[in-house]
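Okay, here's what each chain looks like letter by letter:
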Amino acid sequence: MKVPLLRRLPPGTWAVLAWAAGLAYEAAVSVRLPGEVPRFRPEGLGSLTSGHVPFVVAATALILVGGLLLGRRSLSALALLLAGAVFAAMALNSTEIAFPQFLAADAALVHIAATRPRRTSAAAVAMALAVLAGHSAVRVMLGFPIGTSTQSSVALTAVIAWLAGGWVRQSREHARMTHAQAVTAERLRIARELHDSVAHSIGVIAIQAGAAKMVADARPAAAREALDAIEQASRETLAGLRRMLGALRQGDPVETVPASGLADLERLAATTAAAGVHVDVRRSGRRDPLPAEIDLSAFRIVQEAVTNVVRHAGTGGCRVSIEHREDELAIEIVDSGRGGTGLGGGHGIVGMRERVGLLHGDFTAGPRPEGGFRVAARLPVRPR
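The model shown is predicted, which means the values in this text are computed figures rather than measured ones.

**Q** What exactly am I supposed to notice about helix α5 (residues 99-115) here?
**A** Working note: α-helix, 3.6 residues per turn, so residues spaced by three or four point in the same direction. With 17 residues, α5 extends 24 Å between its outermost C-alpha atoms, agreeing within 8% with the 24 Å of an ideal straight helix rising 1.5 Å per residue. Burial runs high along α5: 12 of the 17 residues are buried. All of the buried residues along α5 are P100, Q101, F102, A104, A105, D106, A108, L109, H111, I112, A113 and A114.

Here it is, written out as structure tokens:
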């Protein structure tokens, strides 16, 4: 990704450019064109003359060195930039450090507040305000006049520059945090999809492989049927993984992969029946088209719950109830097995709970008083 030219410039460049702009302004207002009437000049604002050239040269040298150091030693660089502003005020025989002479320091304050720790940025703005206050105090002690109003205005610009840099810093931190949260959410979503896509098929394959091993000698035909089921489940799983990995390699969202839905419940029931667990699917209510994320999440919840029945319940069947209500979809999966005692420490229940939570629904899972296990979810069809 190509970085814009302005963002590639060293931070000290902006301070030097600000100084050059302020110097050009001072030079411009010092020039009187032929026939021009005497101009009104604010109290305390001096003019550039040949006798002040050494101060201008010294100020420029300080600004250049400060600009070079700004990216590495920010407070030292700011001290040099502030010294340059003082020398510029001396060159103009000014009663205060005016805004054009303080532009470089303001640019440095923005950079420091945006890129350095808060303690460093606070020290920087305190240093700038101390220089402005010290300049006025020294002039008062020496009996010279001071430009209080202008000096106060310049102090205000320093605070504004510091606040602007802090706002930039907070915006960057917020952007980084948002990006990190988005990456984490994407990782969790991909993990859920991989788990839900593979866990059911692997569970079926494991059960069918065990069944084939048990009946291989006594019932070769049943063993061949189990092997056929293993082959079909393996092919479906590999096809799904290829689609998902292909989308990830091309940078497409996982949602672009052809997704399953409640229309695939019959296929799920048939695959589970081949593993020896009968799934009784009951649907009620008006079957209006569901939003894609609701349809996919509902199927994944059923798939994971049925997978847990196959792998852990030790029973020959379960019941899946899908009720289409006016503003929500109600899902319930119950069995009469061991009541979840063999669920172990897997991610299935956690994944189902996360899916429902992302859709602002309600989820419960646990043993039934009469025996067996129950998984229930309510997914709002309309946003809450």
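Having put the structure on the table, let's press on.
**Q** Looking at this structure, how should I read the nonpolar core?
**A** Grouped burial of nonpolar side chains is what soluble globular proteins tend to show. Of all hydrophobic cores here, the largest spans 32 residues; its most connected members are V302, I322, I331, I333 and V375. Every element with two or more residues in this core is listed here: α9 (265-274), α10 (292-313), β2 (317-324), β3 (328-335), α11 (348-358) and β5 (373-380). No other element matches the 10 residues that α10 contributes to this core. Excluding residues that lie within four positions of it along the chain, V302 makes contacts with L265, L268, V320, I322, I331 and I333. Judged by nonpolar contacts, the second largest core, of 27 residues, contains L82, A88, L109 and V125.

**Q** Which parts of the structure should I look at to understand the pattern of salt bridges?
**A** A pair can form between side chains of opposite charge whenever their charged atoms are brought close. For the structure on display, the rule yields 11 salt bridges. Across the pair E328 and R325 runs a salt bridge, and its minimum N-O distance is 2.6 Å. Given a relative accessible area of 36%, R325 falls into the partly exposed group. Residue classification places E328 among the buried residues on the basis of a relative accessible area of 13%. Connected through salt bridges with shared partners, the residues E323, R325, E328, D362 and R378 form a single ionic network.

**Q** Would you mind going over the packing of helix α4 (residues 74-91) against α5 with me for this structure?
**A** Helix-helix packing: each pair is described by the crossing angle between the helix axes and the interaxial distance. Between α4 and α5, the shortest axis-to-axis distance is 8 Å and the interhelical angle comes to 165°. Classified by the interaxial angle, the pair formed by α4 and α5 is roughly antiparallel. Like other packed secondary-structure pairs, α4 and α5 cross with a definite hand, here left-handed. Contact with α4, carried on its side by S74, L78, L81, L82, A85, A88 and A89, involves Q101, F102, A104, A105, A108, L109 and I112 of α5 and no other residues of that element.

**Q** Teacher, can you tell me more about the confidence of the model for the protein here?
**A** Low-pLDDT stretches of the model should not have their predicted coordinates read in fine detail. Taken residue by residue, the protein gives an average pLDDT of 79. The fraction at 70 or more is 82%. Segment residues 40-48: pLDDT under 50, and 22 contacts once partners within four positions in sequence are set aside and those in other chains are kept.

**Q** Whenever I open this one, the pairing of β2 confuses me. Can you help?
**A** For a regular strand, side chains alternate in direction, first toward one face of the sheet and then toward the other. Both strand β1 (residues 278-285) and β2 contribute to a ladder of 8 bridges, which runs parallel. Along β2, the bridge assignment pairs S284 with E323. With α10 bridging β1 and its parallel neighbour β2, the resulting β-α-β unit is left-handed. The pairing of β2 with β3 spans 7 bridges and is classified as antiparallel. Following the sheet pairing, I322 is matched in β3 by I331. Hairpin connection of β2 to β3: 3 residues between the antiparallel strands.

**Q** Would you mind showing me how to read unusual backbone geometry here?
**A** Both trends apply: most residues other than glycine have a negative phi, and most peptide bonds are in trans. For H360, which is not a glycine, the phi torsion comes out positive at approximately 60°. Examined against the element boundaries, H360 turns out to sit in the loop between α11 and β4 (362-367).

**Q** Would you mind going over a nonpolar patch on the surface with me for this structure?
**A** Taken together, the side chains of V138, M141, L142 and F144 define a hydrophobic patch exposed on the protein surface, amounting to about 450 Å² of accessible area. In this fold, F144 is placed in the loop between α6 (118-141) and α7 (148-215).

**Q** Can you help me understand the packing of α4 against α6 in this one?
**A** With their axes 10 Å apart at the nearest point, α4 and α6 run at an angle of 20° to one another. Comparing their axes, α6 and α4 come out roughly parallel. In this structure, the crossing between α4 and α6 has a hand that is right-handed. Contacts between α4 and α6 pair S74, L75, L78, A79, L82, V86 and A89 from the former with T120, A123, A124, M127, A128, V131 and H135 from the latter. In terms of residue class, the contact of α4 with α6 is made up of 11 nonpolar, 3 polar and no charged.

**Q** Which parts of the structure should I look at to understand the sheet that holds β4?
**A** Adjacent strands of a sheet form backbone hydrogen bonds with each other and so pair up, either parallel or antiparallel. Spatial strand order, β1-β2-β3-β5-β4: 5 strands in an open sheet with mixed pairing. The sheet is open, and its two borders are formed by β1 and β4, each paired with just one other strand. Strand-to-strand twist in this sheet, taken as the mean axis angle between neighbours without regard to direction, amounts to 10°. One ladder, built from 8 bridges, connects β3 with β5; its direction is antiparallel. Of the residues in β5, the one forming a bridge with I333 is V375. Against the sheet, α10 makes contact with β1, β2, β3 and β5, and its axis sits at roughly 5° relative to β3, the strand it touches most. With respect to the sheet, α11 is in contact with β4 and β5, its orientation differing from that of β4 by roughly 160°.

The rules behind each value
- Residues numbered from 1 in each chain as written.
- Predicted model: local features only at pLDDT ≥ 70, side-chain atom pairs only at ≥ 80, totals over all residues.
- Heavy atoms only, no water.
- Helix = DSSP H or I, 4+ residues; strand = E, 2+ residues; numbered from the N terminus.
- Expected span 1.5 Å × (residues − 1).
- Buried < 20%, exposed > 50% of the residue type's maximum accessible area, 1.4 Å probe, protein only.
- Core = buried A, V, L, I, M, F, W, Y, C linked by side-chain atoms within 4.5 Å.
- Contact = heavy atoms within 4.5 Å.
- Salt bridge = Lys/Arg side-chain N within 4 Å of Asp/Glu carboxyl O.
- Axes fitted to C-alpha atoms, helices over the stretch in contact; angles between N-to-C directions.
- Parallel < 35°, antiparallel > 145°, perpendicular 65-115°, else oblique.
- Left-handed = near helix turned anticlockwise from the far one by under 90°.
- pLDDT = per-residue confidence, 0-100.
- Pairing = 2+ DSSP bridges.
- Right-handed = clockwise from strand over helix to strand, strands pointing away.
- Patch = residues over 30% accessible without salt bridge, like charges linked within 9 Å, V, L, I, M, F, W, Y side chains within 5 Å.
- Areas by Shrake-Rupley, 256 points an atom, 1.4 Å probe, with all protein chains shown as cover.
- Nonpolar A, V, L, I, M, F, W, Y, C, P; charged D, E, K, R; others polar.

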